[in-house]
Amino acid sequence: MPVATRQRPRIRALETKLINQIAAGEIIERPASLVKELIENSVDAGAARITIDLQQGGVARVAVSDDGVGIHPDDLELAVSRHATSKLEALDDLERVTTLGFRGEALPSIASVARLALRSRLAQADSGWEVVCEGGARTSRRPVAHVPGTTVEVRDLFFNVPARRKFLRSERTELLHIDQVVRRVALACFDKALELRHNGRACLALAAAVSDEACERRVGEVCGDAFAEQCLRVDESGPGMRLWGWVGTPGFSRSQRDLQYFFINARPVRDKLISHAVRQAYQDVLHHGRHPAFVLHLEMEPARVDVNVHPAKHEVRFRDGRSVHDLVYRTLHAALAQPAGAAAGNRPATVPQAPLRPQRGLALAVSEQMQTYAALHAEPAEAPLDDRSQAGETPPLGFARAQIKGVYIVAENRHGLVLVDMHAAHERIVYENLKRQLEDRAVAAQPLLVPVKLRVSEAEARVVEQHGDEFERFGFDLSPLDATTLIVRGVPQLLAHGDIAALVRDVVSDLAEHGRTQRISEVINSMLASMACHGAVRANRSLTLPEMNALLREMEATERSGQCNHGRPTWVQLSMSELDKWFLRGR
Ligand code: ADP
Ligand code: MG
């Protein structure tokens, strides 16, 4: 059709039903979204107990019942109208939202794409009332039997939107999504009792958790016992904020981000700033490509966080992101750094699928001893202890007995056998040592008797020229001789016995590659890590018994020595009873 004759469509106001269906597109993606919105309403209504009853993965039926404040009979019809809410009055309120909902969109959106029945009874009333909506059209209210509280029943999701129905997956998959929503709520609101039923069968039943122990039990029920056993409890306050919850030890890392829960004032939130702070806190202790697990609650003045960023309300904007980042980073970093004991920076990881499973409880006991020991021997032992020099006191990691294939140290402690990966352990010790030196001021340098010449690329030579000061701080005396040659006159003391050319090359290329793109602290850590790797005893080097004992003593005195810089465990404990079991002794 020629352009000139084509008629421009005229503008018209959309029908309410269509408006609601468009809004539904944003917030109702699948049955799990229904469950999320309905549970949020129950939470906002102050419910103590919430029951979710499903049929066919929630596609046929989702019913959420609560014992909250209920809805006034005169408001029932309003509740299912667009932009009608009891949670906001004026613009001011939007700046300090204390409820999960506030947009007044969920019920009308749901009603526009499914059959919805809303039943409610106020606590003092002697009867309940009901309104029913089908694809947007609604009946007037009528009395109905109901206990105090509210039930929202949604049937036949997307019965009138075939295009959306096509995107629904199998019953199992939809149920899985709902299960995740309910679990998230369970971790957001410990004080609510929750029950999830599917096709008449109970899938999850959680009693309200009030005490610390009960909360921890719930964490175990929701995230699995392995997490509950291997997590650290954190609770820290910052300026006008409190961060509390549980973070997984590095030994409990995941290949996916599936165990990461962050709540701000009980609202589940996904936020880049928070993820960054968490990642940074774990950066030293987690193997590349692994993800930490955590359940964290941030409590803060509602006025300091803007929740009106996204219709599904899981994104936020902080008024002061920096202090939030600081609190998260600081809290996690400190928890992960504790040298052994109650917190498990030093807790050796259990080795999955290894034929020998070190006893976790026992390793913990050893970790606790290590903490006491570290306090008593605040200075890393300079003269190696051996059995005779300290009669009567066996250090937590015991005494070295032998070395295997130049890789493992075999030691004996009070509980039995200790195996140490000596390269991994030493790498961590050197790394922590370098970090300490750098925090104190600068890494101690040692001049080389014979300077070393090194060919590098022109770009690398330029990096050395530009970053002379930093290299000096790191303990290097380094300068370009010409466009492609460096001369090394001094290196960090701790690393002086290593392969100097390889060390310098690694550090220079680290800086050349990351210098511009990464935060300075990350650059420093990655430089220190590659330095530490060079400084650590190589596998396949044989150590004398005093050298091995010195290493064990240093491990006992070093923060985070339970994992190497890549998050692998550095030692494991095998108790006498485990050894006895192999040989069927004492049975
Ligand atoms: P919003 O939660 O954003 O206010 P909704 O459409 O989800 O919007 O709900 C509309 C209103 O209906 C709420 O503001 C609330 O007053 C009422 N309501 C919905 N569900 C419940 C419930 N389970 N208990 C009490 N009131 C409810
Ligand atoms: Mg709502």
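Residues numbered from 1 in each chain as written. Chains lettered and ligands numbered in written order. Predicted model: local features only at pLDDT ≥ 70, side-chain atom pairs only at ≥ 80, totals over all residues. Heavy atoms only, no water.

## Section: the packing of aromatic side chains
- In total, this model carries six aromatic pairs according to the counting rule given.
- With 6.1 Å between their ring centres and 75 degrees between their planes, Trp-244 and Trp-246 make a pair best called edge-to-face.
- With a centroid separation of 6.4 Å and an interplanar angle of 5 degrees, the aromatic rings of Tyr-261 and Phe-263 are classed as stacked.
- Judged by its relative accessible area of 12%, Tyr-261 falls in the buried class.
- In this structure an aromatic cluster arises from ring pairing among Phe-190, Trp-244 and Trp-246.
- Geometry around Trp-246 places Arg-233 over its ring, the cationic atom sitting 4.7 Å from the centre. (Phe/Tyr/Trp six-rings, centres within 6.5 Å; stacked < 30°, edge-to-face > 60°. Buried < 20%, exposed > 50% of the residue type's maximum accessible area, 1.4 Å probe, protein only. Lys NZ or Arg CZ within 6 Å of the ring centre and 35° of its normal.)

## Considering the sheet that holds strand β20 (residues 445–455)
- Strand order in the open sheet made by the three strands is β20-β22-β21, with antiparallel pairing throughout. Two strands bound the open sheet, and with one partner strand each, they are β20 and β21 (477–482). Within the sheet, the average angular offset between the axes of one strand and its neighbour, ignoring direction, is 15 degrees.
- In terms of strand pairing, β20 meets strand β22 (residues 485–492) through seven bridges, oriented antiparallel. From the neighbouring strand, Leu-454 faces β22, where its bridge partner is Leu-486.
- Seen against the sheet, helix α14 (residues 458–466) touches β21 and β22 and runs at an angle of roughly 130 degrees to β21. (Pairing = 2+ DSSP bridges. Helix = DSSP H or I, 4+ residues; strand = E, 2+ residues; numbered from the N terminus. Axes fitted to C-alpha atoms, helices over the stretch in contact; angles between N-to-C directions. Contact = heavy atoms within 4.5 Å.)

## Thoughts on the packing of helix α2 (residues 31–44) against helix α7 (residues 171–188)
- Running from amino to carboxyl end, α2 crosses α7 at an angle of 25 degrees, the nearest separation of the two axes being 8 Å. Taken together, the axes of α2 and α7 lie roughly parallel to each other. When the axes of α2 and α7 are compared, the crossing they make is right-handed. Contacts from Pro-31, Ala-32, Val-35, Lys-36 and Ile-39 in α2 reach Glu-174, His-177, Ile-178, Val-181, Val-182 and Val-185 in α7.
- Looking at the contact of α2 with α7, its residues break down into eight nonpolar, one polar and two charged. (Parallel < 35°, antiparallel > 145°, perpendicular 65-115°, else oblique. Left-handed = near helix turned anticlockwise from the far one by under 90°. Nonpolar A, V, L, I, M, F, W, Y, C, P; charged D, E, K, R; others polar.)

## Concerning the pattern of salt bridges
- One pass over the structure, following the stated rule, counts 28 salt bridges.
- Measuring nitrogen to oxygen at the nearest pair gives 3.0 Å for the salt bridge that ties Glu-105 to Arg-103.
- Residue Arg-103 is classed as partly exposed on the basis of its relative accessible area of 24%.
- The salt bridge partner of Glu-130 is Arg-142, with a shortest N-O separation of 2.8 Å. With Glu-130 in strand β4 (residues 128–134) and Arg-142 in strand β6 (residues 142–144), this residue pair connects regions lying twelve residues apart in the sequence.
- Through salt bridges with shared partners, a single ionic network connects Asp-53, Arg-61, Arg-119, Glu-130, Arg-142, Glu-153 and Arg-155. (Salt bridge = Lys/Arg side-chain N within 4 Å of Asp/Glu carboxyl O.)

## Notes on the side chain of Arg-61
- Following the sequence through the fold, Arg-61 ends up in strand β2 (residues 61–66).
- A polar contact of 2.9 Å, which involves the side chain of Arg-61, links it to the side chain of Asp-53. (Polar contact = N/O pair within 3.5 Å; in protein donor to acceptor, adjacent residues only side chain to side chain.)

## Focus: the nonpolar core
- Core analysis: the largest hydrophobic core is formed by 63 residues, its most contacted members being Leu-116 and Phe-227.
- Among the elements that make up this core, the one with the highest residue count is α7 (seven residues).
- Among residues more than four places away in sequence, those in contact with Phe-227 are Val-219, Trp-246, Val-247, Gly-248, Phe-252, Leu-259, Ala-293, Phe-294 and Val-295. (Core = buried A, V, L, I, M, F, W, Y, C linked by side-chain atoms within 4.5 Å.)

## Let's talk about the confidence of the model for the protein chain
- Residues at a pLDDT of 70 or more form 87% of the protein chain, whose mean pLDDT is 84.
- Overall, residues 340–360 carries pLDDT values under 50, and its contacts beyond four positions in sequence, including any with other chains, amount to 67 contacts.
- In the model, residues 378–387 has pLDDT below 50 throughout and makes 13 contacts with residues more than four positions away in sequence or in other chains. (pLDDT = per-residue confidence, 0-100.)

## Some remarks on the site of ligand 1
- Ligand 1 sits among 20 residues. The nearest are Asn-41, Thr-85, Ser-86, Lys-87 and Gly-104.
- At 2.6 Å, a side-chain N or O of Thr-85 approaches an oxygen atom of ligand 1.
- Separating an oxygen atom of ligand 1 from a side-chain N or O atom of Lys-87 is a distance of 2.7 Å.
- Notes on ligand 1: free accessible area 540 Å², of which the protein chains cover 93%.
- With three residues, helix α5 (residues 106–113) is the single largest residue contributor to the shell around ligand 1. (Near = heavy atom within 4 Å. Areas by Shrake-Rupley, 256 points an atom, 1.4 Å probe, with all protein chains shown as cover.)

## Points about the pairing of β21
- Relative to β22, β21 is paired through five bridges, and the arrangement is antiparallel. In the strand pairing of β22, Ser-479 is matched with Ile-487.

## Regarding α5
- Among the eight residues in α5, eight count as buried, and that is most of the element.
- The set of residues buried in α5 consists of Ala-106, Leu-107, Pro-108, Ser-109, Ile-110, Ala-111, Ser-112 and Val-113.

## What to know about a nonpolar patch on the surface
- Together, Leu-14, Leu-18 and Ile-22 make up a nonpolar patch on the protein surface, roughly 270 Å² of accessible area in all.
- Relative to the helices and strands, Ile-22 is located in helix α1 (residues 16–27).
- Accessibility expressed as a relative area gives 52% for Ile-22, which makes it exposed. (Patch = residues over 30% accessible without salt bridge, like charges linked within 9 Å, V, L, I, M, F, W, Y side chains within 5 Å.)

## A word on the sheet that holds strand β10 (residues 231–238)
- As summarised here, the arrangement of the five strands in space is β10-β11-β14-β12-β13, forming an open sheet in which the pairing is mixed. Whereas interior strands pair on both sides, the edge strands pair on one side only; in this sheet they are β10 and β13 (267–268).
- Packed onto the sheet, helix α8 (residues 212–223) meets β10, β11 (241–248), β12 (260–264) and β14 (294–300) and runs at close to 50 degrees relative to β11.

## Thoughts on unusual backbone geometry
- Positive phi values are uncommon outside glycine, yet Gln-56 reaches one of about 50 degrees.
- Here Gln-56 shows up in the loop between β1 (49–55) and β2.
- The phi dihedral of Leu-584 falls on the positive side, at around 55 degrees, and the residue is not glycine.
- Looking at the element boundaries, Leu-584 is found in the segment after α19 (576–582).
- Relative accessible area serves as the criterion here: at 58%, Leu-584 is assigned to the exposed category.

## Comments concerning the environment of Gly-535
- Position of Gly-535 among the secondary structure elements: in helix α17 (residues 520–535).
- On the basis of relative accessibility, which here comes to 2%, the residue Gly-535 falls in the buried class.
- As a C-alpha pair, Gly-535 and Glu-427 span 108 residues in sequence and 7.1 Å in three-dimensional space.
- Those residues in contact with Gly-535, other than ones at most four positions away along the chain, are His-426, Val-430, Leu-495 and His-497.

## A short note on the packing of helix α10 (residues 272–282) against helix α11 (residues 321–337)
- At their nearest, the axes of α10 and α11 sit 8 Å apart, and the two run at 30 degrees to each other. Considering the angle they form, α10 stands roughly parallel to α11. Crossing handedness for the pair α10 and α11: right-handed. In this structure, α10 contributes Leu-273, Ile-274, His-276, Ala-277, Val-278, Gln-280, Ala-281 and Tyr-282 to the contact, and α11 contributes Gly-321, Val-324, His-325, Val-328, Tyr-329, Leu-332, His-333 and Leu-336.

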